[in-house]
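# Examination of the molecular architecture
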Amino acid sequence: MKITVLSGGVGGARFLRGLLAVVPPADVTIIGNVADDLEILGLRVSPDLDSVLYALAGLSDEERGWGRADETWNALATVSELSGDAWFKLGDRDIGLHLVRTQMLSEGSTLTEATARLVAAYGLESELLPATDDPVRTFLQTPAGTFPFQTWFVERGHRDEVDAVHYAGAPDAAPALGVVEAIDNADLIVITPSNPYVSIGPILAVAPIREALARRNAPCVAVSPLIGGQAVKGPADRMLTRLAGGTTPAHVVGCYPGLIDALVYDEADAPAELPAGVHGVVTRTLMTDADARRRLAQAVLDAAAAVA
Ligand code: GDP
């Protein structure tokens, strides 16, 4: 069974670890968000792709939730000493990956090619595709002004309420090679428990990707990133309250109009009334350990079977 997964960073990566424990990794194609990407200190950083890559390679720091385990921070300490841009946290091991990616891109490789090389180097069997090789970037409109994603999220600690989200570059962006085919040829499409506005939204903002999903032949199952109406981490709940009018499972479904056939959501949010045509599956969705991750992945496979 071919499974295509639309994924953000942390929530996406956690979910994928569970999924790859219950299905053959070679059957899975992951389409990753790139609208959080940034250039900093001369390096090209793709935080969401890297969260997925590190999780799949078994290299991620579980406690911190992002970056690599056994990380050290010497390079960043030097950046600080020299009054450089130290607000975006890059560990020494992580920087090594960014050096390789940045060199490949500066020598003319696409992000898709650079990502494929990293996937191969770590011996991963799943395919990891950036949604697009074109520069799509998320901007947040807030009462304090409009900010690029990482300025709002990291530098300002996502303290500003969001009035609107813009995906600069999306109208002109083409899907990366293989992305539309992966959706068209899938037996199952999954949307990870990721922030609908800043992780999945920018993937769907690339029109041919949204169109492929809208005309899908296979079931599409989303997992809610909210538990008891609250984000496990990050601003998803505040964004849904302000931009969607609430944080129930129905509000999550509302972020994916016509695009999903089932929503897997937490028992803390049950029972919920979902829009017609969307099947609800209630389970425990907190991915605390390998067992919990596997159970959630299995619930997604069961949901797909129920709506197929
Ligand atoms: P980011 O781009 O790194 O912020 O990553 P994502 O958008 O993929 O992940 C952030 C989302 O993951 C947040 O909205 C969290 O609520 C959600 N999340 C993290 N851990 C869990 C979990 O264990 N269960 C569920 N249901 N959601 C989670």
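Attention here is on the structure that accompanies the text. Note that the structure is predicted; figures quoted are calculated from it, not measured. (Residues numbered from 1 in each chain as written. Predicted model: local features only at pLDDT ≥ 70, side-chain atom pairs only at ≥ 80, totals over all residues. Heavy atoms only, no water.)

## Structural notes on the overall build of the protein chain
Helix and strand counts for the protein chain come out as 12 helices and 14 strands. By the compact-globule yardstick of 19 Å for 308 residues, the protein chain fits well, its C-alpha radius of gyration being 18 Å. Taking the principal axes of the C-alpha coordinates as reference, the protein chain spans close to 55 × 45 × 40 Å. By the burial criterion, 53% of the 308 residues in the protein chain qualify as buried. Sequence-distant contacts in the protein chain: of pairs separated by 6 or more residues, those separated by 24 or more amount to 68%. Carbon together with sulfur atoms contributes 51% to the accessible area of the protein chain, which is approximately 12900 Å² in total. Here the protein chain contributes 23 positively and 39 negatively charged side chains, and the mean placements of these two sets differ by 3 Å. (Helix = DSSP H or I, 4+ residues; strand = E, 2+ residues; numbered from the N terminus. Rg over C-alpha atoms; globule rule 2.2 N^0.38 Å. Buried < 20%, exposed > 50% of the residue type's maximum accessible area, 1.4 Å probe, protein only. Contact = heavy atoms within 4.5 Å. Areas by Shrake-Rupley, 256 points an atom, 1.4 Å probe, with all protein chains shown as cover. Lys, Arg positive; Asp, Glu negative; His and termini not counted. Charge placed at Lys NZ, Arg CZ, Asp CG, Glu CD.)

## Some points on the pattern of salt bridges
Under the criterion given, the structure shown has 10 salt bridges. Here Arg17 and Glu62 are joined by a salt bridge, their closest N and O atoms 2.5 Å apart. You can see Arg17 sitting in helix H1 (residues 10-22) and its partner Glu62 sitting in the loop between helix H2 (47-56) and helix H3 (74-81), a full 45 residues away along the chain. Exposure remark for Arg17: the relative accessible area of 27% places this residue in the partly exposed category. Among the residues examined, Glu62 registers a relative accessible area of 48% and is labelled partly exposed. For Arg64, the salt bridge is made with Asp61, and the minimal N-O distance between the two is 3.2 Å. When its relative accessible area of 16% is taken as the criterion, Asp61 is described as buried. (Salt bridge = Lys/Arg side-chain N within 4 Å of Asp/Glu carboxyl O.)

## What to know about unusual backbone geometry
A cis amide bond links Ala270 with the next residue in sequence, Pro271, at an omega value of -5°. On the secondary structure map, Pro271 appears in the loop between strand S13 (262-266) and strand S14 (279-283). With phi around 55°, Leu41 is a residue other than glycine that occupies positive phi space. For Leu41, the position within the fold is in the loop between strand S3 (38-40) and strand S4 (43-45). Residues other than glycine seldom take positive phi values, yet Ser83 does so here, at roughly 60°. Mapped onto the elements of the fold, Ser83 is located in the loop between H3 and helix H4 (92-106). For Ser83, a relative accessible area of 68% corresponds to the exposed category.

## As for the sheet that holds strand S9 (residues 188-191)
An order of S5-S2-S1-S9-S10-S13-S14 is seen for the 7 strands of this open sheet, with the pairing classed as parallel. Strand pairing shows two members of the sheet lacking a second neighbour, strand S5 (127-130) and S14, which therefore form its edges. Each strand of the sheet is rotated relative to its neighbour by a mean of 20°, with strand direction disregarded. Bridge count for strand S1 (residues 3-7) against S9 is 4 bridges, and the pairing is parallel. Looking at the pairing, Ile3 lines up with Leu188 of S9. Docked against the sheet, H2 engages S1, strand S2 (28-32) and S5, running at close to 170° with respect to S5. (Pairing = 2+ DSSP bridges. Axes fitted to C-alpha atoms, helices over the stretch in contact; angles between N-to-C directions.)

## Focus: the state of the cysteines
According to the stated counting rule, one finds 0 disulfides in the structure shown. Summary of cysteine pairing: Cys220 is not part of a disulfide, and the nearest cysteine sulfur, belonging to Cys255, is at 13 Å. (Disulfide = S-S within 2.5 Å.)

## With respect to the packing of aromatic side chains
Per the stated rule, a full pass over the model turns up 5 aromatic pairs. By the ring-pair criterion, three or more aromatic residues cluster together here, those being Phe149, Trp152 and Phe153. Taking the ring centre of Trp66 as reference, the NZ or CZ of Arg64 above it sits at 4.9 Å. (Phe/Tyr/Trp six-rings, centres within 6.5 Å; stacked < 30°, edge-to-face > 60°. Lys NZ or Arg CZ within 6 Å of the ring centre and 35° of its normal.)

## Description of the environment of Val190
Note that Val190 resides in strand S9. For the pair Val190 and Glu71, spaced 119 residues apart in sequence, the C-alpha separation works out to 31 Å. Those residues in contact with Val190 that lie beyond four places of it in its chain are Ile3, Thr4, Val5, Leu6, Phe15, Val221 and Val300.

## Structural notes on the site of the ligand
Contacts to the ligand come from 21 residues, most closely from Ser194, Ser199, Pro225, Thr285 and Met287. For the shell around the ligand, the leading source of residues is H1, giving 4 residues. Split by residue class, the shell around the ligand holds 8 nonpolar, 9 polar and 4 charged. (Near = heavy atom within 4 Å. Nonpolar A, V, L, I, M, F, W, Y, C, P; charged D, E, K, R; others polar.)

## So, H1
Over its 13 residues, H1 extends 19 Å from the first C-alpha to the last, a length consistent with the 18 Å expected when each residue adds 1.5 Å. If you check which residues of H1 are buried, you get Gly11, Gly12, Ala13, Phe15, Leu16, Gly18, Leu19 and Leu20. In this structure, the buried residues of H1 make contact with S1, S2, H2, S9, strand S10 (220-223) and helix H12 (290-307). (Expected span 1.5 Å × (residues − 1).)

## Observations regarding the sheet that holds strand S8 (residues 164-168)
Think of a sheet as strands paired side by side through backbone hydrogen bonds, with each pair either parallel or antiparallel. The strand order across the open sheet built from 3 strands is S7-S6-S8, with neighbouring strands paired in antiparallel fashion. Taken across any chain shown, the strands that pair with only one partner, and hence form the sheet edges, are strand S7 (145-148) and S8. Averaged over all pairs of adjacent strands, the angle between strand axes in this sheet comes to 25°, irrespective of strand direction.

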